[in-house]
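# A structural walkthrough
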Amino acid sequence: MPPVFAHGRLRLYLLKLLDEAPRHGYEVIRLLEERFQGLYAPSAGTVYPRLAKLEAEGLVTYATEGGRKVYSITEAGRAELADRGGELADLELEIRDSVSELAAEIRDDVRGAAGDLRREMRAAAASASATPVEDESWKAAKEELRKAKQEWKEQARRAKDESRRAREEAQQARRQAKEAQERAREEVQRIAAQLQEQFSRTGGMIGSLAGAWLGNGGSAAPRTPTAPGPAGWSWAEDLEPTADPARDLDRLLDRFRDDIRDAARDHGVTPAQLSEARAHLAAAAARIEAGLRPA
């Protein structure tokens, strides 16, 4: 059987698959099997060393997710794909030709095996006499032919089912990833709206707390509180939200703590200011905690 990929072509095709989407090694193997309609599946010993070599050359990178390495193409990898666009187009044609050749070889093997069995049956029939033993040999040969045909049909069915399952699993994985992204975005928006509502009830507690208590006594100059705008808070607006609302809240609290510490370091703190700050912090903590509890 001729090689499925010519020298260096599997490396190029791995870059193409990773350019479509980040994938782990097992997913690459399954996707190659699907592209070849179940007629060819590279081994782990073929795919993983090539992925490691691409990573060493800086053409791909990986992140560990759930104990697996998920590979992604780098800008250098995309540049190589762009430079070899014509070669990649030829490779797509070669893959289609390889699929046709593999299918033809399987058909030839099946025809050859069936022909050999038929010849053996004819030879057995020609030399058979009417004895019960020879009749049993004829029946056994027919049964072997029937079993062989059944096995070939079963192999073809399994290959078709495997290809269909691979396509369905890939589609399901894409749907699940999209749904997870949407859920994360909705959760961030929900928490942000909930926090904004709670902050509105406190009269801009966190955004203006430092100015409120530093202006109550002593020689320190009061800090001007930041008022919320109609579309949200300008305080800490440089903190871009992530897909983890709990992490975003931690970042907001870190920013709040740093702002209060800076104000105290710049202006000093009197006992009266400390008492006033404690009261404001207690009120803010109670309101935020109540807002974070499930309804």
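Note that the coordinates shown come from a computational prediction; the quantities given were computed from them, not determined experimentally.

So, on to the sheet that holds strand E1 (residues 23–24). A sheet is described by the order of its strands in space; here three strands give the open sequence E1-E3-E2, paired in antiparallel fashion. With partners counted over all chains shown, the strands left at the sheet margins are E1 and strand E2 (60–65), one partner each. The sheet contact formed by E1 and strand E3 (residues 68–73) spans two bridges and is antiparallel. Considered in E3, the bridge of His-24 is made with Val-70. This element, helix H3 (residues 44–56), spans E2 and E3 of the sheet and lies at about 115° to E2.

The next thing to look at is the pattern of salt bridges. Per the counting criterion, the structure on display carries 17 salt bridges. Glu-27 is the salt-bridge partner of Arg-23, the closest N and O atoms lying 3.5 Å from each other. Overall, Arg-23 belongs to the buried group, its relative accessible area being 8%. Owing to a relative accessible area of 25%, Glu-27 belongs among the partly exposed residues under this scheme. Among the ionic pairs, Arg-255 bridges to Asp-238, the shortest N-O distance being 3.0 Å. Residue Arg-255 is located in helix H8 (residues 245–267), and its partner Asp-238 is located in the loop between helix H7 (205–214) and H8; the two are separated by 17 residues in the primary sequence. Members of the salt-bridge network, linked through shared partners, are Arg-11, Lys-53, Glu-57, Glu-80, Arg-84 and Glu-87.

Parameters and conventions
Residues numbered from 1 in each chain as written. Predicted model: local features only at pLDDT ≥ 70, side-chain atom pairs only at ≥ 80, totals over all residues. Heavy atoms only, no water. Pairing = 2+ DSSP bridges. Helix = DSSP H or I, 4+ residues; strand = E, 2+ residues; numbered from the N terminus. Contact = heavy atoms within 4.5 Å. Axes fitted to C-alpha atoms, helices over the stretch in contact; angles between N-to-C directions. Salt bridge = Lys/Arg side-chain N within 4 Å of Asp/Glu carboxyl O. Buried < 20%, exposed > 50% of the residue type's maximum accessible area, 1.4 Å probe, protein only.

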